[in-house]
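Structural features, examined
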Amino acid sequence: AQPIPLPRFLSLSRQICLGLQCAHQGVVIDGKNCPIIHRDIKPSNILVSRDALVGELVKILDFGIAKLIQEDAGQTNSFMGTLAYSSPEQMEGRELDARSDIYSLGVMMFEMLTGKMPLQAETHAFGSWYKVHHFQPPRSFESVYPGLKLPKALENLVMSCLAKSPADRPQAITEVLKALEPLEQRYSASRHIGHRIGEALARRSDSVDLLPKEAPVVEDICQLVTWPKGKPIAKI
């Protein structure tokens, strides 16, 4: 319904990447490691549930058209996937590797941040989407969501995932994780503070009555939290 706030986006994206990393690392079959390519990364295949330990737990669903990469496997020679999220090479029915999932991830990350798609086709026909994925440059964040403030490093990461050529994208999901890590460390601190304030308010039985009718600012919330006994009080 609306773009996902940056701290939550970073948390969800990191977990999606960890799931893809697990798949791309593969499974052992007959003594040989076989990477798994999902081939249908999109929002409806991402389940977000509540977890007592981590808060929001992300799972990647529907490996129904996933591809095992084996040495003796033949070419796919047919298209399988969802048109709006498919990589250019996937549209061609070519043999895929992890970089195809990274392209689909880039489409979804853009949508998570803006609520809009980075690419737009005139019709939902296969030929229309084929042209879009091969020749249409992705829209900029500014053109889709004027005024949206994002770290330049994050914009560059998403756009690199959307590169038409697999060689121009991150070559492994570990590169995406490496790029997300400093961003999450930077923007998650305020989120943790918010959680702590919320927990403190929840412990006060009268906190609900004290909250103003309009959305409270951080200073108002902090004033509602009882200062722990035995702690020093001084000007900061």
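These notes cover the structure that comes with them. Since the structure is predicted, the reported quantities are computational estimates derived from the model, not experimental observations.

Digging into the overall build of the protein chain
Within the protein chain, the regular secondary structure consists of nine helices and six strands. For the protein chain, the proportion of its 236 residues judged to be buried stands at 39%. Restricting the contact set of the protein chain to residue pairs at least 6 apart, pairs at least 24 apart contribute 60%. For the protein chain, the accessible surface area stands at approximately 14,100 Å², while carbon and sulfur atoms represent 56% of it.

Brief notes about the pattern of salt bridges
By the definition in use, this model includes seven salt bridges. Among the salt bridges present, the one from arginine 8 reaches glutamate 56, with a minimum N-O distance of 2.8 Å. Taken together, the residues span a long stretch of sequence, with arginine 8 in helix H1 (residues 6–25) and glutamate 56 in strand E5 (residues 55–60) at a distance of 48 residues. Taking relative accessible area as the criterion, glutamate 56 reaches 13% and is therefore assigned buried. With its nearest N and O atoms 3.6 Å apart, the salt bridge here joins glutamate 155 to lysine 152. Linking glutamate 155 with lysine 152, this pair stays in helix H6 (residues 152–161), spanning three residues, or about one helical turn. On the accessibility criterion, glutamate 155 (17% relative accessible area) is buried.

Let's talk about H1
What sets the pattern is the α-helix's 3.6 residues per turn: residues three or four places apart point alike. An ideal rise of 1.5 Å per residue puts 28 Å on 20 residues; H1 measures up with 28 Å between its terminal C-alpha atoms. Glycine 26 occupies a position one or two residues after H1 and carries a positive phi of about 90 degrees.

Some details on the packing of aromatic side chains
Across all of its chains, the model carries two aromatic pairs by this definition. With 6.2 Å between their ring centres and 40 degrees between their planes, phenylalanine 126 and tyrosine 130 make a pair best called tilted. One end of the pair, phenylalanine 126, and the other, tyrosine 130, are both in helix H4 (residues 126–135), four residues apart, so they sit about a helical turn from each other. With relative accessibility at 36%, the residue phenylalanine 126 sits in the partly exposed group.

Comments concerning the state of the cysteines
Using the criterion set out here, one finds zero disulfides in the structure. Here cysteine 17 stays free of any disulfide, with the sulfur of cysteine 161 as its closest cysteine sulfur at 7.6 Å.

Section: the environment of cysteine 22
Relative to the helices and strands, cysteine 22 resides in helix H1. You can call cysteine 22 exposed: its relative accessible area is 53%. For the pair cysteine 22 and proline 35, spaced 13 residues apart in the sequence, the C-alpha separation amounts to 9.0 Å.

Regarding H4
If you check which residues of H4 are buried, you get Ser128, Trp129, Val132, His133 and His134. Elements in contact with the buried residues of H4: helix H2 (88–91) and helix H3 (98–114).

Here we look at the environment of arginine 99
Relative to the helices and strands, arginine 99 is located in helix H3. When the C-alpha atoms of arginine 99 and glutamine 171 are compared, they prove to be 6.1 Å apart, with 72 residues separating the residues in sequence. In contact with arginine 99, other than residues within four places in its own chain, are Glu89, Pro166, Ala167, Arg169, Pro170 and Gln171. For arginine 99, the side chain forms a polar contact with the side chain of glutamine 171, separated by 3.0 Å.

Looking at the packing of H1 against H3
Relative to each other, H1 and H3 sit at 165 degrees, their axes nearing to 11 Å. As judged from the angle between their axes, H1 and H3 are roughly antiparallel. H3 is crossed by H1, and the crossing has right-handed handedness. Contact residues: Leu6, Phe9, Leu12, Ser13, Ile16, Cys17, Leu20 and His24 in H1; Ala98, Asp101, Leu105, Met108, Met109, Met112 and Leu113 in H3. Each residue belonging to the contact of H1 with H3 can be placed in one class, and the counts come to twelve nonpolar, two polar and one charged.

Reading guide: rules and limits
Residues numbered from 1 in each chain as written. Predicted model: local features only at pLDDT ≥ 70, side-chain atom pairs only at ≥ 80, totals over all residues. Heavy atoms only, no water. Helix = DSSP H or I, 4+ residues; strand = E, 2+ residues; numbered from the N terminus. Buried < 20%, exposed > 50% of the residue type's maximum accessible area, 1.4 Å probe, protein only. Contact = heavy atoms within 4.5 Å. Areas by Shrake-Rupley, 256 points an atom, 1.4 Å probe, with all protein chains shown as cover. Salt bridge = Lys/Arg side-chain N within 4 Å of Asp/Glu carboxyl O. Expected span 1.5 Å × (residues − 1). Phe/Tyr/Trp six-rings, centres within 6.5 Å; stacked < 30°, edge-to-face > 60°. Disulfide = S-S within 2.5 Å. Polar contact = N/O pair within 3.5 Å; in protein donor to acceptor, adjacent residues only side chain to side chain. Axes fitted to C-alpha atoms, helices over the stretch in contact; angles between N-to-C directions. Parallel < 35°, antiparallel > 145°, perpendicular 65-115°, else oblique. Left-handed = near helix turned anticlockwise from the far one by under 90°. Nonpolar A, V, L, I, M, F, W, Y, C, P; charged D, E, K, R; others polar.

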